[in-house]
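So the chains spell out like this:
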Amino acid sequence: MTDFVPVCDESALSGNRALVQVPPGRDGRYVAVIRHKGALHAIDATCYHMGGPLLTAEIEEVEGFGSCVVCPWHRYQITLKEGAKVYMGIDGKHTTNGKCKQRIHDVKIHDSKVWVKLNLDGKIESDTYGHKKPAPAQGSTGPRSGHIIGNGVNRMISNSMRGGDGAAPWMASSSSSSSPSAALPPRKPSVLLPMFQPFVVKDKKVLAPNLFTLKISLTGALYAFSTLQAKHLEVSIDGTQRYYTPYITPGCDRDEIILFVKIYPGGVVSPKLAEILPGGTIDLRGPLGGCRKDFVQNMVAKKLIMVAGGTGVAPMLQILHALLRKNPEAHNIRDVEILMCLRSDREISVTSETRAAELSNETVTTTITHLVSEPSPAWEGLKGKITSEFVTKNFPPSDAPGETKFLFCGPERFNVAVEAMATAAGHRDDDIQG
């Protein structure tokens, strides 16, 4: 635990939000100071999950857990008091596993200045982004009030949340002002689509009545999307934005990506995307977010377990591509087991894309299993929803630490439940990524 240090003038909180560095300067940790209902809170400024910006996050009151910031990317609720993730359990009630995911720091006002004392005990998931500039302020329906502190100058949020973090580059420049601990090796210029740009839809495939793919040409973009690792693109249509995870298959050209789109009842964006035909355009910007960069780059494991709920298969394909296409020997992977959890067997055609993405490698065995919760009478495969007993029986951990990695992706309730199942089955926290 450090001492209290002054980080900005109290006037910077005129809008009840301020992004500060603790200590101030190039090497400081990025912290969001939030005044809510008269109380001051200091929380790591970037969401532990996949890098969403919390400075402009909405705040919701959750019964039994108090005030929670809501990450604008995946709607994760994080308590302002403890930094724990609150989620809706399968029983429909709010709960938490009690683990601190997001660092909470001490904050006070003294002599017209805001003072913050960092709490750095132990290892917390939000440490991944602690010294990296937060992503642009996304998800806001309008301008937010507030200031941030940068190089001693107060600037409005709308003009200053343009920084890049090591996992998701936000600035068009290849330079970075992040701390040395967050620096990355030199690389080729990354895309930068800080503003929405139109891209042509080359092909559309209907996989089920409520599920389809769009193949999009990225001609003119600077980014080689083959390097994506569970990153998102933001889609804008008629003034509404949503995040989608693109993927590529061996059949894609270098400048092509594919989006999985599921049409939800009452959805705002997905029904409109369903109306787009080949030759039409779609407005995109990004990439945004991404799984822990070191988790994929430094992964060495004999077995990889991937559990996907619905269109959650898309980031799994990104990661598989990164692991098996480029340098599989370096990762030592021998077995890949993919569990597709689907609502209907009519969605099974989605895995034809999954099979197309299987990478021919004589040293790697890939197995795909389908678990269907609402099957048709003709379905002869596995039936039901994923359970802790199912995970423990079919996807046990290895005896040696690190030999088996457990990845999961899907809707929020699915993710929360599967993470708990993986932990209950004996997988170590360092071997789980969602």
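Residues numbered from 1 in each chain as written. Predicted model: local features only at pLDDT ≥ 70, side-chain atom pairs only at ≥ 80, totals over all residues. Heavy atoms only, no water.

Side note on the overall build of the protein chain
Move 1: In terms of regular secondary structure, the protein chain is built from 8 helices and 26 strands.
Move 2: The burial tally for the protein chain puts 52% of its 434 residues in the buried class.
Move 3: Within the protein chain, residue pairs in contact and separated by at least 24 positions form 65% of the contacts whose partners lie at least 6 positions apart.
Move 4: Put simply, the protein chain shows about 19500 Å² of open surface, and 51% of that area lies on carbon and sulfur atoms. (Helix = DSSP H or I, 4+ residues; strand = E, 2+ residues; numbered from the N terminus. Buried < 20%, exposed > 50% of the residue type's maximum accessible area, 1.4 Å probe, protein only. Contact = heavy atoms within 4.5 Å. Areas by Shrake-Rupley, 256 points an atom, 1.4 Å probe, with all protein chains shown as cover.)

Considerations on the confidence of the model for the protein chain
Move 1: Looking at the protein chain as a whole, the pLDDT averages 75, with 72% of positions reaching at least 70.
Move 2: A low-confidence stretch, residues 138–192 stays under pLDDT 50, and its non-local contacts, those more than four residues away or across chains, total 120 contacts.
Move 3: Segment residues 222–226: pLDDT under 50, and 16 contacts once partners within four positions in sequence are set aside and those in other chains are kept. (pLDDT = per-residue confidence, 0-100.)

Some words on the sheet that holds strand 6 (residues 66–70)
Move 1: Ordered in space as 5-6-7-8-9, the 5 strands form an open sheet in which the pairing is antiparallel. Whereas interior strands pair on both sides, the edge strands pair on one side only; in this sheet they are strand 5 (58–62) and strand 9 (94–95).
Move 2: Summarising the sheet, strand 5 and strand 6 pair through 5 bridges and their orientation is antiparallel. Note on strand 6: the bridge partner recorded for E60 is C68. (Pairing = 2+ DSSP bridges.)

Side note on the environment of I237
Move 1: The topology assignment puts I237 in strand 16 (residues 232–237).
Move 2: A relative accessible area of 15% means that I237 is categorised as buried.
Move 3: Separated by 35 residues in sequence, I237 and K272 place their C-alpha atoms 7.6 Å apart.
Move 4: With residues near it in sequence (within four places) discarded, I237 still touches V269, K272, L273 and I276.

Examining helix 8 (residues 412–424)
Move 1: Compared with the 18 Å implied by 1.5 Å per residue over 13 residues, the 18 Å span of helix 8 between its first and last C-alpha is a close match.
Move 2: Along helix 8, the residues that are buried comprise F414, N415, V416, A417, V418, M421 and A422.
Move 3: Of the residues trailing helix 8, G426 is marked for its positive phi of about 105°. (Expected span 1.5 Å × (residues − 1).)

Details of empty space enclosed by the protein
Move 1: Applying the stated criterion to the full structure yields 2 cavities of 30 Å³ or more.
Move 2: Volume-wise, the second largest cavity comes out at about 30 Å³.
Move 3: In terms of residue class, the lining of the second largest cavity is made up of 3 nonpolar, 3 polar and 1 charged. (1 Å grid on protein atoms, 1.4 Å probe; cavity = no way out; pocket = protein on both sides within 12 Å on 5 of 7 lines; lining within 4 Å. Points joined across faces, edges and corners; volume = space filled by probe spheres on them. Nonpolar A, V, L, I, M, F, W, Y, C, P; charged D, E, K, R; others polar.)

Describing the packing of aromatic side chains
Move 1: This structure, assessed with the given rule, holds 2 aromatic pairs.
Move 2: Residues Y48 and Y76 carry aromatic rings whose centres are separated by 6.2 Å and whose planes lie at 50° to one another, so their mutual orientation is tilted. With Y48 in the loop between strand 4 (39–44) and strand 5 and Y76 in the loop between strand 6 and strand 7 (77–79), this pair connects stretches of sequence that are 28 residues apart.
Move 3: You can call Y48 buried: its relative accessible area is 7%.
Move 4: Note on Y76: relative accessible area 4%, which makes it buried.
Move 5: Positioned above the aromatic ring of Y76, the side-chain terminus of K85 is 3.5 Å from the ring centre. (Phe/Tyr/Trp six-rings, centres within 6.5 Å; stacked < 30°, edge-to-face > 60°. Lys NZ or Arg CZ within 6 Å of the ring centre and 35° of its normal.)

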